[in-house]
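# Coordinate analysis (summary)
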Amino acid sequence: MTAFLRRGIWGFLAWVCALAFFLPFAWMVLTSLHSEPDAATNPPSAGAALTLQGYREFFGAGTGISPWPPLINSLTASVSSTVLVLALAIPAAYALSIKPVRKWTDVLFFFLSTKMLPAVAGLLPVYLIAQHTGMLDNVWLLVILYTSMNLPIAVWMMRSFLAEVPVEILEAASIDGAGLPTVLIRIVAPVAAPGIAATALISFIFSWNELLFARVLTGVVAGTAPVFLTGFVTSEGLFLAKVCAAAVCVSLPVLIAGFAAQDKLVQGLSLGAVK
């Protein structure tokens, strides 16, 4: 098999995989632009008339229910927790990679072991703690939870990224008298920027999509966008066009963030793959 034929086969397989991931989202967008009767047909009609009624209803037309408070809550919880995750994960990863502590492998395993407990198993203790501290229905409780949930993964990711930082640069900075904050901000952060971007995006996505804790621990005030989506499943039935329109709108922040950080995300996820 020639090299040209191999590249053609791999290229074809790459397009098949890309379309397999893209087609469900494209179908959801198309369904959101249909009326409820057209969206409910089986099989769905791809050539039906297009309408924005689903989006108008999502933004409160006819219902008076605004999606902006849940979207702002999700944005607040996701961005705040991502900033905290990076602020804690970068120094921890620096200590585990560039300036390794004793038994650093045990430390990494401890971080990983915190993800072995199913989230639902810790739901009742967290609920009781939040109830006794008056933190129920508070968006800052979600910030704390999302930070603790994403921190182990962020430390593992940042540790692999920071391990690729040339030690010679850090030694030169130390000789010049640079302290740890200066090294982290002016040397490590620019060099590991793709890895930081990838870690931030992963943390943001996990926080934005989290439903279990947000559904149980929040109510009217601190409800997030995924919780708001569950309100479209009513006793009257499932209105596909409206649900698809809501899902598209809720997915947009993640898609925009991923598109904006696309180049650094690819660099970060492939950092260290080629020696």
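The structure we're discussing is the one just above.
Residues numbered from 1 in each chain as written. Predicted model: local features only at pLDDT ≥ 70, side-chain atom pairs only at ≥ 80, totals over all residues. Heavy atoms only, no water.

### Here's the deal with the side chain of Lys242
- Its location among the elements puts Lys242 in helix α13 (residues 240-260).
- Sequence-distant contacts of Lys242, that is, excluding residues within four places in its chain, are made with Glu36, Gly54, Glu57 and Phe232. (Helix = DSSP H or I, 4+ residues; strand = E, 2+ residues; numbered from the N terminus. Contact = heavy atoms within 4.5 Å.)

### Some details on the packing of helix α9 (residues 180-191) against helix α10 (residues 193-209)
- Two elements in contact, α9 and α10, have axes separated by 4 Å at closest approach and are oriented at 75°. What the angle tells us is that α9 and α10 run roughly perpendicular. On α10, the residues that touch Ala189, Pro190 and Val191 of α9 are Ala193, Pro194 and Ile196.
- Classifying every residue of the contact of α9 with α10 gives six nonpolar, no polar and no charged. (Axes fitted to C-alpha atoms, helices over the stretch in contact; angles between N-to-C directions. Parallel < 35°, antiparallel > 145°, perpendicular 65-115°, else oblique. Nonpolar A, V, L, I, M, F, W, Y, C, P; charged D, E, K, R; others polar.)

### What to know about the pattern of salt bridges
- Counting across every chain of the model gives one salt bridge.
- One salt bridge connects Glu57 with Lys242, and the closest N-O pair in it is separated by 3.4 Å. Here Lys242 lies in helix α13 and Glu57 lies in helix α3 (residues 53-58), a separation of 185 residues in the sequence.
- A relative accessible area of 22% means that Glu57 is categorised as partly exposed.
- On the accessibility criterion, Lys242 (17% relative accessible area) is buried. (Salt bridge = Lys/Arg side-chain N within 4 Å of Asp/Glu carboxyl O. Buried < 20%, exposed > 50% of the residue type's maximum accessible area, 1.4 Å probe, protein only.)

It is worth stressing that arrangement in space is one thing and function is another; only the former is reported here.
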